[in-house]
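# Descriptive structure summary
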Amino acid sequence: MDTLSAKPRQTPAERAASGPAALHQALADGDAALLRGYKAGTRVDELIRLRARMVDDLLRGVWRELVGASEDAALIAVGGYGRGELHPHSDIDLLVLLADDGEQRLGGAVEKFLTYLWDARLNLGHSVRTVQECASEAKRDVTVATNLMETRRLAGGRALYSAMRRATSAKEIWPPREFFAAKLQEQLARHEKFHDTAYKLEPNVKESPGGLRDIQTLVWVARRCLGSAEIGALIEQGLLTELEFRTLEQGRQFLWKVRFLLHQLSKRCDDRLLFDLQRDLAHAFGYLDDTNNLAVEQFMQRYYRTVMRLQRLNEVLLQSLKENLLHEHDAQEPQPVNERFVVRKGFLDVAHSRVFEQFPPALLEVFLLLAQRPDIEDVRATTIRLIRDNLHLIDDRFRQDPVARNLFMDILRQPRGITHNLRRMNRYGVLAAYLPVFERIVGRMQYDLFHIYTVDEHTLFVIRNLRRLAIPEHNAELPFCSEVFTAIAKPEVLYIAGMFHDIAKGRGGDHSELGAVDVREFCEQHGLDAHDVRLAEWLVAHHLLMSVTAQRKDLSDPAVIHTFAGQVMSIDTLNHLYLLTVADIRATNPELWNSWKDNLLKDLYRKTIDALERGLDNPIDADDRIREVKRAAAELLDGAGPRVTDAQNIWLDFGDGYFLRHTADEVAWHTQVIMSRHAVGEPLVAVRRATQRGSTEVFVFVEDHDNLFALVTAVLDRLGTDIVDARIVTSESGWAVDTFMILESGGEMISDAMREQEIKQALQLALRNPDDLPEVVRRRQPRILKHFNVPLEIRRTDERRGDVTPLEIIAPDAPGLLAKIGRAFVQCELRVHNARVMTVGERAQDVFFVSDKHNRPLLDSALERLRKAIDAQLHGSA
């Protein structure tokens, strides 16, 4: 072949212009080359800039082919792409800038260009505007103005591009003070969206507090307000130190690498650190499991600690800019606070730069002053830096100093500002320095779905929840808890228990026992009296006791209440434990708290109060309880119409267990429903939307059948409800008197009549043919549950219940789980007498009180058969 006559080899840009498929392939080839570069050790910051340049070349080739060289249109890169940074699946944001009459002459060509890019399946974000339209939109929306600050001309009219830059400059719109105030508000709103924490279970690398957006906010503000093209230029202006710049750059490099790998692993533009990917990322970063910490927990702790440092830097820099931009004209003289501190332009500042060297306890005094002086807006940036630079002064000598210890306790005793200042102390590193045991939990995650915050953040949320109970304006949130809080003589003891309840997570061993040792040492060192030391120690050691008792044990059993009251011993201890339990559950995962749990804990609290007031040597007698329930129910019925004698005749058929397990209100309602039925022998179903227990009550009165529990649970599951409790009673004449407490899948009670009717009709229809079990609904397992391997466990609990066997069944949570367990009970010929249903993240931990078909306790062989039957149901082999 004559080489001189061969066609010259096409460049990637030329190939891309030969058709959308060719453009798609050229981009794929380029991305594959970048991935090879990553594996060969090329830094991610180089790779994302290389990708931006590669896309530049490809788009220019297509633009030349379809739009040409007209000066009346310009192709502009905006946003992250405009900065020259493009991650593997990030949006390619473009602005097509047209002259005022450009649409008429070039609109068709631009439309072909954009269609070509869509056909090539590019992740495209685009707008088509004139210069005037750009200026108008930017003036109206600071986000648009910000995007237009980060632009590069790729092709087309230079003059047009220059005109747009002038029209959207700080001289024309969004001058520095206004721009800064708007961006500050924008960041606050974004942080609020993420509950003002970067430490959630699946954080967003880009948008969460301390993420890439926070770094970019600093760049935008520096560029708009100070004319600095790069953040490094802030060093020259005295707003950033060399160490801070290195920290910022290291953090950005780490987050870029995380984001780059996220895009590669997910093969899409998703900046969330999803559970699906966290393990793979941990391994990509070289982490390995060890005795006390999974690789994923080590990686995520590094992530959380990195974003904490970045969040701290963001705060310092924005604070410094805020002082310079928003308060530059404040002429007020510094107001002395004491010999160590002044208030300067509304900000707390040190009186001189050697304050902390000369008086180290001032590192704690800062936060006490902030709590005592609500007129102080914040801490001055220079003082925040000094705090950070002097953390080394918080050593063993500092911790043993009575002045420092008193200051720390004074902070906890303040009537306001405790939560804000503990969070500040955590951000600045002071809390971890003062409490070395706290340092171990900073940024520590637990790889499960139950805890959605890191341990340190969860701990501060617990204290925040406790504090809100002390503030009158929050009384409507949890009125009963707020009332109980008024009986707490020393709230600081409760806050200390909250601070230490999870302090030993991740050390190995029982974290409650280890934490109790830590809190005892802290309390003794900080001068608490012997009673308060014992109380704090007991609370930390037993902080799970009330939650476990309420959610896993039968509160209708007087023996359960008596045992719990014997562990608590006093009403004062009960008050503390109750409030700590509520605060803990609500701080673990806001979605776990609902009206059912609220009323469950209230029920245990009130019954325990009664037991303690009676005296532990005078336990509640079951017969007394039964007589009281019947008396109160008769009183309710007497005022409601039905004759009490008729009701009592019905009750003769019900065993004692029925009256122990139901309230007088429930007994009265059941009786009314039974007495008002029209067709004897037909399945009777009634629904009460709202009850005193904080759930919707479904009452079933029908001839007993072995399939009944399995049938009802299957129907309620098909309807998308969650069963939280079941009370199964069989009357002397063989009728099922069953109660199911349900909630909607979102945790709320049934709220409308149509939904109520739907539940009644579905159950009545199924109960007419109890031999025909409905098929268990086959729903797709939620994405997040697929990444946990929860082994099936079945074990007896420590409760003693006569002829029934209390079983705890732990299984992986999945759609239709309770219905599947119900089918397994049927297969094994077991009878369910009571059920407590609880999901803890990815694990279902349900307690069932069961017997064999002859109402006898289960033998070990029956447990093994049940385990095999449930396992078969879970894996679809039954």
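### Some words on the pattern of salt bridges
- A complete count under the given rule lists 62 salt bridges for this structure.
- Note that Arg268 and Asp270 form a salt bridge whose closest N and O atoms lie 3.4 Å from each other.
- In this structure, the salt-bridge partner of Asp704 is Arg831, at a minimum N-O distance of 2.7 Å. Here the residue Asp704 occupies a position in the loop between strand 10 (696-703) and helix 35 (708-718), and Arg831 occupies one in strand 15 (residues 830-836), the gap between them amounting to 127 residues.
- Classification of Asp704 as partly exposed rests on a relative accessible area of 28%.

### Examining the packing of aromatic side chains
- On inspection of all chains with the given rule, the structure shows 27 aromatic pairs.
- Against the face of Tyr81 rests Arg152, its NZ or CZ located 5.2 Å from the ring centre.
- The lysine or arginine in question, Lys257, covers the ring of Phe285, its NZ or CZ lying 4.6 Å from the ring centre.

### Quick word on the nonpolar core
- Of all hydrophobic cores here, the largest spans 113 residues; its most connected members are Phe356, Phe408, Phe500, Tyr578 and Leu579.
- With 9 residues, the single largest contributor to this core is helix 29 (residues 571-588).
- Look past the residues within four positions of Phe500 in its chain and what remains in contact with it is Leu435, Val437, Gly515, Asp518, Val519, Phe522 and Val540.
- Val131, Ala138, Val142 and Val221 belong to the second largest nonpolar core, which has 69 residues in total.

### Description of the sheet that holds strand 2 (residues 92-98)
- Spatially, the 4 strands line up as an open sheet ordered 3-2-1-4, and their pairing is mixed. For this open sheet the edge positions go to strand 3 (124-130) and strand 4 (152-156), each flanked by a neighbour on one side alone. Ignoring which end each strand starts from, the neighbouring axes of this sheet average 25 degrees apart.
- Pairing analysis gives 5 bridges linking strand 1 (residues 73-77) to strand 2, with the strands arranged antiparallel. Pairing of Ala74 across the sheet is with Leu97, part of strand 2.
- Where helix 5 (residues 102-119) meets the sheet, its contacts fall on strand 1, strand 2 and strand 3, and the angle it forms with strand 3 comes to roughly 175 degrees.
- Seen against the sheet, helix 8 (residues 158-167) touches strand 1, strand 2 and strand 4 and runs at an angle of roughly 105 degrees to strand 2.

### Let's talk about the pairing of strand 3
- As paired strands, strand 2 and strand 3 are joined by 7 bridges and run parallel to one another. Bridge assignment links Leu95 to a residue of strand 3, and that residue is Ser127.
- Assessed by its sense of winding, the connection that carries the chain from strand 2 through helix 5 to strand 3 is right-handed.

### Quick notes on the packing of helix 13 (residues 295-325) against helix 19 (residues 418-428)
- Viewed as axis vectors pointing N to C, helix 13 and helix 19 meet at an angle of 105 degrees, and their least axial separation amounts to 9 Å. By the angle between their directions, the pair helix 13 and helix 19 is classed as roughly perpendicular. Residues Met308, Arg312 and Glu315 of helix 13 lie in contact with helix 19, whose contacting residues are Asn426, Arg427 and Tyr428.
- Of the residues belonging to the contact of helix 13 with helix 19, the class tally is 2 nonpolar, 1 polar and 3 charged.

### Some thoughts on the sheet that holds strand 7 (residues 347-350)
- One open sheet accounts for 4 strands, arranged 5-6-7-8; its pairing is mixed. The strands lining the two open edges of the sheet, one partner per strand, are strand 5 (335-336) and strand 8 (378-379).
- Sheet analysis places strand 7 next to strand 8, joined by 2 bridges and oriented parallel. Along strand 8, the bridge assignment pairs Phe347 with Asp378.

### Comments concerning the confidence of the model for the chain
- Of the residues in the chain, 93% have a pLDDT of 70 or more, and the chain-wide mean is 88.
- Across residues 1-7 the pLDDT falls below 50, and counting only partners more than four positions away or on other chains, this stretch makes 1 contact in the model.

What counts and how
Residues numbered from 1 in each chain as written. Predicted model: local features only at pLDDT ≥ 70, side-chain atom pairs only at ≥ 80, totals over all residues. Heavy atoms only, no water. Salt bridge = Lys/Arg side-chain N within 4 Å of Asp/Glu carboxyl O. Helix = DSSP H or I, 4+ residues; strand = E, 2+ residues; numbered from the N terminus. Buried < 20%, exposed > 50% of the residue type's maximum accessible area, 1.4 Å probe, protein only. Phe/Tyr/Trp six-rings, centres within 6.5 Å; stacked < 30°, edge-to-face > 60°. Lys NZ or Arg CZ within 6 Å of the ring centre and 35° of its normal. Core = buried A, V, L, I, M, F, W, Y, C linked by side-chain atoms within 4.5 Å. Contact = heavy atoms within 4.5 Å. Pairing = 2+ DSSP bridges. Axes fitted to C-alpha atoms, helices over the stretch in contact; angles between N-to-C directions. Right-handed = clockwise from strand over helix to strand, strands pointing away. Parallel < 35°, antiparallel > 145°, perpendicular 65-115°, else oblique. Nonpolar A, V, L, I, M, F, W, Y, C, P; charged D, E, K, R; others polar. pLDDT = per-residue confidence, 0-100.

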